[in-house]
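Structural features, examined
Residues per chain are reported as follows:
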Amino acid sequence: MKNYYNKINGYQETIQKGLIAARTFKRELSTGKGSKNDNIQLLKEELQNAEAIVIGAGAGLSTSAGLTYSGERFENYFFDFAKRYGISDMYSGGFYSFPDKETRWAWWARHIYYNRYIEPPKPVYKELLSIVKDKEYFVLTTNVDHQFQRAGFDKSRLFYTQGDYGLFQSVNPNIKKTYDNEEWVMKAMEAQGFVKDQRGIFIVPEDRKLSMCIPTEMIPKCPDNESEVTMNLRSDNYFVEDVGWDIASESYYNFLKRYEDSHVIYLELGVGSNTPVIIKYPFWQMTLENEKATYVCINYKEAFCPKEIEYKSICIDGDIGEILKKIMQ
């Protein structure tokens, strides 16, 4: 196996691009030129002619696919947590200080299952794949719900920079490994009283009686040393970048280098302003540096670009799934 102590870190390389962009671009932003329909047609043509597509995906893509953290989904699967603890959505629940480990891990089993191990309500990811599958593409995403791979995207062309709901890591910082949690999640869902429907999907039982805790003996432990585990999510300096993460990081770097002077589309989908230095700013900078590149931003009420690259940008405001359907027509 390749020695990844002397690894090429595509994650750090792209962040460096983002930091350069933060210094390069002025504050003046543009929502692009042309009508929405004109821009969709222009994007169709770009997709046909591009030599490569770099997809940068944020939370807005999963929201478009129906993987919402509030509203009906939350009220259906977390109604008991909402009533007892006053939690209003899945996102804030991830930071809640639960009274004990049994309750905390019951929450996380549900959170992981309904955002990682089921099909999304809408086929947005599969529709995106149908558009790019015959092109040279690579996906960079801050999403941790694994929906790209579930939809059939080539695993070797995916880089999940911020972790994966499907992985645990030890709280011991010396253990640089991750552990698949699917088997544990399924058992923890059963322990809370969820039942499977005819499709094999866990649902709330008819009597709506659920336990908000799991048995103490089910609290997950590190298989290597029985230490406690935590989610493999980038929240502090102890986030584990395992061998799989390193390989994806290097693959991303190599893809960027291979097509840095080619007709590339930097296709940004649903990226917000929380971590712009990972996707948004690097895409701006790489578009500026490559005269053949096109920057595309599709987002609901947040579709914009810097004035400096307005002439080579396509900004489309709207629901990503609806826009993808129009591109497919």
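Bear in mind that the values here come from a model prediction, so they are computed numbers and not experimental data. (Residues numbered from 1 in each chain as written. Predicted model: local features only at pLDDT ≥ 70, side-chain atom pairs only at ≥ 80, totals over all residues. Heavy atoms only, no water.)

1. As for the overall build of the protein
The condition is simple: In this text, helices come from DSSP runs of H or I with a minimum length of four residues, and strands from runs of E with a minimum of two, each type numbered from the N-terminal end. The globule rule used for comparison is 2.2 Å times the number of residues to the exponent 0.38, while the radius of gyration itself is calculated over C-alpha atoms. Exposure is judged per residue with a 1.4 Å probe applied to protein chains only, and the accessible area is read against the type maximum: over 50% gives exposed, under 20% gives buried, and values in between give partly exposed. In what follows, residue pairs with any heavy atoms lying within 4.5 Å of each other are defined as contacts. Residue exposure ignores everything except the shown protein chains as possible cover, and the areas themselves are Shrake-Rupley values with a 1.4 Å probe. Asp and Glu are treated as the negative residues and Lys and Arg as the positive ones, with His and the ends of the chain left uncounted. The location of each charge is read from NZ of Lys, CZ of Arg, CG of Asp or CD of Glu.
Secondary structure summary: the protein contains 13 helices and 13 strands in total. For 329 residues, the compact-globule estimate of 2.2 N^0.38 gives 20 Å, and the C-alpha radius of gyration of the protein, at 21 Å, lies within 12% of that figure. Counting only C-alpha atoms and orienting by the principal axes, one finds that the protein spans roughly 60 × 45 × 35 Å. Evaluated residue by residue, the protein yields a buried proportion of 53% over its 329 residues. Considering only contacts in the protein between residues 6 or more positions apart, those separated by 24 or more positions represent 70%. Carbon and sulfur atoms form 48% of the exposed surface of the protein, whose accessible area is close to 16,100 Å². Put simply, the protein has 41 plus and 46 minus side-chain charges, and the middle of one group is 1 Å from the middle of the other.

2. Section: the packing of aromatic side chains
Condition: In this scheme Phe, Tyr and Trp rings, the latter by its six-membered ring, pair at centre separations within 6.5 Å, and the angle between planes marks the pair as stacked below 30 degrees, edge-to-face above 60, and tilted otherwise. Any Lys NZ or Arg CZ found within 6 Å of a ring centre and within 35 degrees of that ring's normal is scored as a charge over the ring.
The final tally for this structure, using the stated rule, is 33 aromatic pairs. Arranged with centres 4.9 Å apart and planes meeting at 50°, the rings of F255 and Y259 form a pair that is tilted. Since its relative accessible area comes to 14%, Y259 is described here as buried. Taken together, the ring pairs in this structure connect Y11, F138, F159, W245, Y252, F255 and Y259 into an aromatic cluster. Lying over the aromatic face of Y137, R157 brings its terminal NZ or CZ to 4.6 Å of the ring centre.

3. Looking at helix α2 (residues 36-49)
What counts, and what does not: By this rule the span expected of a helix is its residue count minus one, scaled by 1.5 Å.
Over its 14 residues, α2 runs 20 Å from end to end, which matches the ideal 20 Å to within 8%, given 1.5 Å per residue. In the core, the buried residues of α2 are packed alongside β2 (52-57), α8 (124-132), β10 (264-269), β11 (294-299), β13 (313-317) and α13 (320-328).

4. A look at the sheet that holds β13
Under the convention used in this document: Here, a strand pair is defined by DSSP locating no fewer than two bridges between the strands. To obtain an axis, a line is fitted to C-alpha atoms, over the contacting stretch when the element is a helix, and the angle between two such axes runs from 0 to 180 degrees between their N-to-C directions.
Strand order in the open sheet formed by six strands is β4-β3-β2-β10-β11-β13, and the pairing between neighbours is parallel. Two strands in the sheet have a free side with no partner beyond their single neighbour: β4 (158-160) and β13. If you compare each strand with its neighbour and ignore which way they point, the axes differ by 15° on average. Pairing analysis gives five bridges linking β2 to strand β3 (residues 137-141), with the strands arranged parallel. When the sheet's bridge partners are listed, V54 is paired in β3 with F138.

5. A look at the pattern of salt bridges
Where we set the bar: Here, a salt bridge means any Lys or Arg side-chain nitrogen found within 4 Å of an Asp or Glu carboxyl oxygen.
Scanning the model with the defined rule gives 16 salt bridges in all. Among the salt bridges present, the one from D154 reaches R157, with a minimum N-O distance of 3.6 Å. The exposure class of D154 is partly exposed, given its relative accessible area of 32%. For R157, a relative accessible area of 22% gives the class partly exposed. E310 is paired through a salt bridge with K307; the nearest N and O atoms lie 3.6 Å apart. On the basis of relative accessibility, which here comes to 13%, the residue E310 falls in the buried class. Taking relative accessible area as the criterion, K307 reaches 38% and is therefore assigned partly exposed. Sharing partners across several salt bridges, the network here consists of E119, K126 and R150.

6. Things to note about the packing of helix α1 (residues 10-24) against helix α12 (residues 280-289)
The line we're drawing: Reported orientations rely on four angle classes, namely roughly parallel under 35 degrees, roughly antiparallel over 145, roughly perpendicular from 65 to 115, and oblique for the rest. Residues are grouped as follows: nonpolar covers Ala, Val, Leu, Ile, Met, Phe, Trp, Tyr, Cys and Pro; charged covers Asp, Glu, Lys and Arg; every other residue, Gly included, is treated as polar.
Between α1 and α12, the least distance of the axes is 7 Å, while the angle of their chain directions is 75°. By the angle between their axes, α1 is roughly perpendicular relative to α12. Facing α1, whose interface residues are T14, K17, G18, I20, A21, A22 and T24, α12 presents Y281, P282, Q285, M286, L288 and E289. When grouped by side-chain class, the residues that make up the contact of α1 with α12 number seven nonpolar, four polar and two charged.

7. Notes on the sheet that holds strand β6 (residues 178-180)
Pairing in this open sheet of three strands is antiparallel, and the strands run β6-β5-β9 from one edge to the other. A single partner strand is all that each edge strand has here, and the edge strands are β6 and β9 (229-233). Neighbouring strand axes in the sheet, compared pairwise and without regard to direction, differ in orientation by 50° on average. In the sheet, strand β5 (residues 163-170) pairs with β9 via four bridges, with the strands oriented antiparallel. Note that in β9 the partner of G163 across the bridge is L233. Sitting on the sheet, helix α7 (residues 101-116) touches β5 and β9, and the angle it makes with β5 is about 145°.

8. A few points about the packing of α2 against α13
Which entries qualify depends on this criterion: In this scheme the handedness of a crossing depends on how the near helix is turned from the far one: anticlockwise by less than a right angle means left-handed, clockwise means right-handed.
Running from amino to carboxyl end, α2 crosses α13 at an angle of 60°, the nearest separation of the two axes being 10 Å. Judged by the inter-axis angle, α2 sits oblique to α13. Of the two possible hands of crossing, α2 and α13 adopt the one that is right-handed. Across the interface between the two elements, K36, N37, I40, L43, K44 and L47 of α2 pack against I323, K326 and I327 of α13. Class assignment for the residues of the contact of α2 with α13 results in five nonpolar, one polar and three charged.

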